[in-house]
Amino acid sequence: MSNYNLTIFLEPSLTVRSSGKPNAVLYVEPDGWHGPGNTCFQIPQRVSAEDHVKIADAFLEGVTAWRDTIVAEVERNRTAADELAEARAEIERLKSDRDGGESNDN
């Protein structure tokens, strides 16, 4: 199966489900719909329990690395304006805490 390629575009409503033995299955529903259109990754029953864990760990490592890359990119793309807006909101929150929740326009 090393020559098999498949591209699926994921929606924010994505769902991922799983089941265990006898054949462990990971269901990916790209648009969140439970029904036709899902992708299944299945581990054959003949594979040892230890290899089930190795396969699941490989998925976990890959998805974690993918997520970490996305998070790093989002952080890099934060603009100065976003950071300034957050700082101003934090200043207002601190002022509100200091004043006991009362607004002070001084």
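Residues numbered from 1 in each chain as written. Predicted model: local features only at pLDDT ≥ 70, side-chain atom pairs only at ≥ 80, totals over all residues. Heavy atoms only, no water.

Caption draft 1: Here's a closer look at the pairing of strand E2 (residues 25-29). Two elements, strand E1 (residues 15-19) and E2, share five bridges in a ladder whose sense is antiparallel. In the sheet register, Ser18 faces E2, and the bridge partner there is Leu26. From the end of E1 to the start of E2, which pair antiparallel, there are five residues. (Pairing = 2+ DSSP bridges. Helix = DSSP H or I, 4+ residues; strand = E, 2+ residues; numbered from the N terminus.)

Caption draft 2: Seen up close, helix H2 (residues 80-98). Helix length check: H2 (19 residues) gives 27 Å between terminal C-alpha atoms against 27 Å at 1.5 Å per residue, within 8%. Downstream of H2 by one or two residues, Gly100 has phi in the positive range, about 75 degrees. (Expected span 1.5 Å × (residues − 1).)

Caption draft 3: Structural context of the packing of aromatic side chains. All told, the structure shown has one aromatic pair when counted by the stated rule. Between Phe41 and Phe59, the aromatic rings sit 5.2 Å apart at their centres with planes inclined by 65 degrees, giving edge-to-face as the arrangement. Here Phe41 is found in strand E3 (residues 39-42), whereas its partner Phe59 is found in helix H1 (residues 49-76), with 18 residues between them in sequence. Its end group placed over the ring of Tyr27, Arg17 keeps NZ or CZ at 4.4 Å from the ring centre. (Phe/Tyr/Trp six-rings, centres within 6.5 Å; stacked < 30°, edge-to-face > 60°. Lys NZ or Arg CZ within 6 Å of the ring centre and 35° of its normal.)

That's the geometry; what it means functionally is another story.
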